2 protein chains.
Amino acid sequence: MSNKIITIGREFASGGRLIGKELADRLGVTYYDKNILDHIAEKNGYSVEMIEEDERRAKNGFFYSLSNAFGAAGYGPDTLSINEKFFIAQFEYILELAKEGNGGVIVGRCADYVLRDFDDAVNVFIFADEASKIKRATEVYGLDADDVKKYMGDMDKARANYYKYHTGQKWGEMRNYDLSIDSSNLREKDVADLILKYVDMRYQA
Amino acid sequence: MSNKIITIGREFASGGRLIGKELADRLGVTYYDKNILDHIAEKNGYSVEMIEEDERRAKNGFFYSLSNAFGAAGYGPDTLSINEKFFIAQFEYILELAKEGNGGVIVGRCADYVLRDFDDAVNVFIFADEASKIKRATEVYGLDADDVKKYMGDMDKARANYYKYHTGQKWGEMRNYDLSIDSSNLREKDVADLILKYVDMRYQA
């Protein structure tokens, strides 16, 4: 078991989730992605549906900012919006995970930002060219070929909006990651190998 | 000997040059950086001094664009500026190298852009945090500690201006590289290992 936390930011259909699961298996640590919400919901009394609604709304950047600024679901402007509350709960949960020292792989959730000053965190970003993302989205995820481009675009826009809103930074800037990898010409297993090699080198010294 | 061309974009003092030399040694191929100018100068009758003057001027983005637009060193506006001529000669030389199939490592020179559609090219960008760059610049390159920050900033600004002018793109965007690596916590040798691992994986399939 490793005590390292690996965070993975990723474009939709670049293979980030599969790579993350492979890494977690190989390191013997827990894998987190949207499932982190189950833990947080349980701990804080939010429902997973409320949190997923927050994600869905992030697809429209302007509306998302507005709903955060003026509150939503009954929260007034004098209090934190529910989006902010989710984010803060998530932020604290991720920090807690890192401090516990049992390692983990976290896909998405702005985890690179949360752990930016944490020495035992390795931040990775996975992207790919359009052709290889379309191939994975249709063949592996089973998406309809007619809608896949729009769907992929919407998903990445939502991720960029969510990241920008909560971190103030542009999503997918190489300087926020230890390693950025174009997965287009690689198998998921190979990308996991490459990341493990980086982790070994970084902590052997 | 490998037939692959590895291009390395890099921030000043991130170790890109040392990593490139290590890679060239390990692959048994020729290493190119500013020394590419010797070959081009010889072939085209330019002097290395003229080319270095072009680089120096790139430090001022506005003046650099102006000097390209209106010509320099006796070239009128009706002809290509000398900067453009250098760039085109360099562009052709790099393409020629790639087509010859003897491999190589090219540091800088917008080589990633020149070879962006070339299947046997692997494009890498190396960057690092300020502390580790200052350490390398003073301890390895022997720069004066008082001036090092300004010098590093000027060098990277020149590289960004040069890249922007000649490629129309922002320097250091992850999507232009197969692999972007923060070298801060790694030895140059380890970064070279990581790149070689990527090359092996990419071409094994």
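Look a little higher up for the structure.
Only a predicted model underlies this, so the values are computations on that prediction, with no experimental measurement involved.

Reading guide: rules and limits
Residues numbered from 1 in each chain as written. Chains lettered and ligands numbered in written order. Predicted model: local features only at pLDDT ≥ 70, side-chain atom pairs only at ≥ 80, totals over all residues. Heavy atoms only, no water. Helix = DSSP H or I, 4+ residues; strand = E, 2+ residues; numbered from the N terminus. Contact = heavy atoms within 4.5 Å. Pairing = 2+ DSSP bridges. Axes fitted to C-alpha atoms, helices over the stretch in contact; angles between N-to-C directions. Phe/Tyr/Trp six-rings, centres within 6.5 Å; stacked < 30°, edge-to-face > 60°. Buried < 20%, exposed > 50% of the residue type's maximum accessible area, 1.4 Å probe, protein only. Buried area = accessible area lost by both parts, 1.4 Å probe. Salt bridge = Lys/Arg side-chain N within 4 Å of Asp/Glu carboxyl O. Polar contact = N/O pair within 3.5 Å; in protein donor to acceptor, adjacent residues only side chain to side chain. Nonpolar A, V, L, I, M, F, W, Y, C, P; charged D, E, K, R; others polar. Least-squares fit on C-alpha atoms with pLDDT ≥ 70 in both.

Trainee: Which residues make up the environment of E173 of chain B, and what values do they have?
Mentor: The residue E173 of chain B is located in the loop between α8 (148-167) and β5 (179-182) in this model. For the pair E173 of chain B and F125 of chain B, spaced 48 residues apart in the sequence, the C-alpha separation amounts to 8.9 Å. With sequence-adjacent residues up to four places away left out, E173 of chain B is seen in contact with K170 and M174 of chain A.

Trainee: Give me the lowdown on the sheet that holds strand β1 (residues 5-10) of chain B, citing residues and values where you can.
Mentor: The strand order across the open sheet formed by 10 strands is β2(A)-β3(A)-β1(A)-β4(A)-β5(A)-β5(B)-β4(B)-β1(B)-β3(B)-β2(B), and the pairing between neighbours is mixed. Looking at strand neighbours, the two that pair on one side only are β2 (31-32) of chain A together with β2 (31-32) of chain B, the edges of this open sheet. Along the sheet, helix α1 (residues 16-27) of chain B makes contact with β1, β2, β3 (104-107) and β4 (121-127) of chain B, crossing β1 of chain B at roughly 170°.

Trainee: For the packing of aromatic side chains, give the residues involved together with the corresponding values.
Mentor: Describing an aromatic ring pair means giving the distance of the ring centres and the angle of the ring planes. Under the criterion given, the structure shown has 14 aromatic pairs over all chains. A centroid spacing of 6.5 Å and a plane angle of 75° characterise the contact between Y32 of chain A and Y93 of chain A, whose relative ring orientation is edge-to-face. Of the two residues, Y32 of chain A is situated in strand β2 and Y93 of chain A in helix α5 (residues 82-100); the sequence distance between them amounts to 61 residues. On the accessibility criterion, Y93 of chain A (14% relative accessible area) is buried. Measuring from centroid to centroid gives 5.4 Å for F12 of chain B and Y151 of chain B, while their planes differ by 75°, and the two rings are edge-to-face. Within this pair, whereas F12 of chain B is found in the loop between β1 and α1, its partner Y151 of chain B is found in helix α8, the two being separated by 139 residues in sequence.

Trainee: Can you explain the interface of chain B and chain A? Please cite residues and give values.
Mentor: Accessible area lost on assembly of the parts is the figure often given for the size of an interface. Taken residue by residue, the interface counts 25 residues in chain B and 25 residues in chain A. Surface buried jointly by chain B and chain A totals about 2,500 Å² across both partners, of which 58% is contributed by carbon and sulfur atoms. When the buried area of chain B at its contact with chain A is split by residue, M174, R175 and M201 of chain B rank highest and sum to 25% of it. Across the chain B-chain A interface, the total number found is four salt bridges. Here E173 of chain B ties to K170 of chain A by a salt bridge, and the two come within 3.9 Å at their closest N and O atoms. Here chain B is connected to chain A by seven residue pairs in polar contact (both at pLDDT 80 or more). Broken down by secondary-structure element, the contributors of at least two residues to the side of chain B that touches chain A are β4, β5 and α9 (188-204) of chain B. Its residues assigned to classes, the side of chain B that touches chain A shows 10 nonpolar, four polar and 11 charged. Direction of pairing for strand β5 (residues 179-182) of chain A relative to β5 of chain B: antiparallel, over a ladder of three bridges.

Trainee: Describe the relation of the copies chain B and chain A, and please don't skip the residues or the numbers.
Mentor: When chain B is brought onto chain A, the operation consists of a screw motion whose angular component is 180° and whose axial shift is 0.0 Å, with 0.0 Å RMSD remaining. Considering both components of the superposition, the chain copies are consistent with a two-fold axis. Residues of chain B ranked by C-alpha distance from the rotation axis are headed by S180 of chain B, positioned 2.5 Å from it. Take the interface residues of chain B: 100% of them recur as interface residues in chain A, which is what a same-surface contact looks like.

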